[in-house]
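Chain by chain, the residues run as shown.
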Amino acid sequence: MNKEDPVLEKRVRDVAHELRCLVCQNQTLADSNAELAVDLRNSIREQLERGASERDVLEFMVARYGDFVLYRPPLKASTIALWAGPFALLGIGAFVLARRMRRKRPEAEPLSEAERARVAALLKE
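Bear in mind that the values here come from a model prediction, so they are computed numbers and not experimental data. Every chain's residues receive numbers from 1 upward, in the order its sequence appears when written. For this predicted model, a pLDDT threshold of at least 70 governs which residues receive local features, and a threshold of 80 or more governs which side-chain atom pairs are given and counted, while totals over whole chains, interfaces and linings are taken from all residues. Neither water nor hydrogens contribute to the side-chain values; these are computed over all heavy atoms in the structure.

## Here's the deal with helix α3 (residues 54–65)
Short version of the rule: Here a strand is any run of E in DSSP of at least two residues, a helix any run of H or I of at least four, and the numbering for each starts at the N terminus. One less than the number of residues in a helix, times 1.5 Å, gives the span that helix is expected to have. We call a residue buried when its accessible area falls under 20% of the maximum for its residue type, exposed when it is over 50%, and partly exposed in between, using a 1.4 Å probe and counting protein chains only. The arc in question is the one traced by the directions running from the helix axis out to the C-beta atoms. Note on contacts: a residue pair is in contact if any heavy atoms of the two residues lie within 4.5 Å.
In a regular helix each residue adds 1.5 Å, so 12 residues correspond to 16 Å; α3 covers 16 Å between its end C-alpha atoms and thus fits that length. Of all the positions in α3, only V57, L58 and M61 are classed as buried. All buried residues of α3 project into a common sector of 100 degrees when viewed along the axis, lining one side. Exposed residues on α3 whose side chains face more than 90 degrees from its buried face are R55 and A63. The elements touched by buried residues of α3 are α1 (6–18) and α2 (35–49). Of the residues one or two after α3, G66 is the one with positive phi, at around 90 degrees.

## Some points on the domain arrangement of the protein chain
Rules: Domain segmentation is taken from an automatic or database assignment of domains.
Segmentation of the protein chain into domains returns domain 1 (6–69) and domain 2 (77–124). Put simply, the middle of domain 1 and the middle of domain 2, counted by C-alpha atoms, are 47 Å apart.

## Quick look at the packing of aromatic side chains
To be explicit about the condition: Stacked, tilted and edge-to-face pairs are distinguished by plane angle, under 30 degrees for stacked and over 60 for edge-to-face with tilted covering the rest, among Phe, Tyr and Trp rings (Trp via its six-membered ring) whose centres lie within 6.5 Å. Look at NZ for Lys and CZ for Arg. If either is within 6 Å of the ring centre and within 35 degrees of the ring normal, a charge sits over the ring.
Considering all chains together, one arrives at zero aromatic pairs under this definition. The cationic tip of R20 hangs over the ring face of F68; the distance from NZ or CZ to the ring centre is 4.8 Å.

Okay, structure coming up:
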């Protein structure tokens, strides 16, 4: 492995920015310091050194880990949850919030004469 080659390192970074860290929450392989991310960056470097294209490396990672590994997965039936999930959760949250805000609050019952007398006595003290 030649980590001194700036062209190769740029290619590794470019590919790593296209892939999601499988351990971290919403980080690319380029941004992650997880052990698995380091191993995957080394795998990218090795494949590129052997002559694989960036597309070949991405296809290898997708074949091994599925579309989830892509930081921007393609829109298709198997990835629709990745694209629609956040919007669905936002919609559900807005619906629940709107229902709670519209719900009528029960009106307070008027005070009885005994309660009024007690309040008046407390206020006089």
